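# Structure at a glance
So you can see what is in the structure, the chains are spelled out below.
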Amino acid sequence: MMNIKRTAMGVVLWVASSLVLAGGVALTPPTTSAQAPAPAPVPAPASVGHNYESGSAAYDAGDYDKARRIWQPLAEKGDMRAQRGMGKLYEKGRGVERDFDAAIKWYRPAAEKGDAESQYRLSVGYGYGMGVKKDEAKAMEWLRKAAENGQKRAQMSLAKGYEDGLNGLPRDLEKAKYWYDRSKTKE
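What this report covers is the structure whose coordinates are included nearby. (Residues numbered from 1 in each chain as written. Predicted model: local features only at pLDDT ≥ 70, side-chain atom pairs only at ≥ 80, totals over all residues. Heavy atoms only, no water.)

This paragraph deals with empty space enclosed by the protein. Under the criterion given, the structure shown has 1 cavity of 30 Å³ or more. Approximately 60 Å³ is the volume found for the largest cavity. Listed by contribution, the elements that provide at least two residues to the lining of the largest cavity are α5 (100-112) and α6 (116-128). Considering each element in turn, the lining of the largest cavity owes the most residues, 4 residues, to α5. (1 Å grid on protein atoms, 1.4 Å probe; cavity = no way out; pocket = protein on both sides within 12 Å on 5 of 7 lines; lining within 4 Å. Points joined across faces, edges and corners; volume = space filled by probe spheres on them. Helix = DSSP H or I, 4+ residues; strand = E, 2+ residues; numbered from the N terminus.)

The following block contains the structure:
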């Protein structure tokens, strides 16, 4: 019983840390009269010369609005990684209003194309009813797909589920060991 409470608390803490950490506003130092403001560059349309990596670099630099401007047209054209990026922006509330419904809208097509991270995020959405109606069967379906596609947290979750007989899984130490071992390999 203590393991179940400890596992549940760990899941709650992980969810809180991964979903509640919305980024702050990036601050830029004010200009002084001695500094002449540089002319603003004319941005190229997102479709010219921009790719997922450009959006990722902007995201990593904290320029979430630029990441969104780059990723959104790519995501609308079906770029799986850009769809995941858009889901992440909305899930975390980075540069946009936090919106789980919008996050799921972007994660779903990427998940359906086999993106393991999007499958995992969709699983979390179904597991906790964020952006979709809570549905433990769908949560496990997406968790299993994510684990099979190499997502390490999904593999650890399945291992723990089999070890303790959680989330509707039977207690199966052999399957638990398989998923623990697989979570430790590079894929």
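Next comes the rest of the account.
Our focus in this paragraph is the packing of aromatic side chains. Within a pair of aromatic rings, the relevant descriptors are the distance that separates the centres and the angle that separates the planes. On inspection of all chains with the given rule, the structure shows 4 aromatic pairs. Members of the aromatic cluster, each reached through a chain of ring pairs, are Y52, Y59, Y64 and W71. Lying across the ring of W142, K145 places its NZ or CZ 4.3 Å from the centre. (Phe/Tyr/Trp six-rings, centres within 6.5 Å; stacked < 30°, edge-to-face > 60°. Lys NZ or Arg CZ within 6 Å of the ring centre and 35° of its normal.)

It is worth spelling out the side chain of S118 at this point. Along the chain, the position of S118 falls in helix α6. A relative accessible area of 0% means that S118 is categorised as buried. A distance of 2.6 Å separates a polar atom in the side chain of S118 from a polar atom in the side chain of D115. In contact with S118, not counting residues within four places along its chain, are R84, Y107, A110 and A111. (Buried < 20%, exposed > 50% of the residue type's maximum accessible area, 1.4 Å probe, protein only. Polar contact = N/O pair within 3.5 Å; in protein donor to acceptor, adjacent residues only side chain to side chain. Contact = heavy atoms within 4.5 Å.)

Time to look at the environment of R81. Topologically, R81 is positioned in helix α4 (residues 80-92). Taking relative accessible area as the criterion, R81 reaches 30% and is therefore assigned partly exposed. As for R81 and N51, which are separated by 30 residues in sequence, their C-alpha atoms are 10.0 Å apart. Discounting chain neighbours no more than four positions away, the residues touching R81 are Y52 and E53. Only 2.7 Å separates the side chain of R81 from the side chain of E53, close enough to count as a polar contact.

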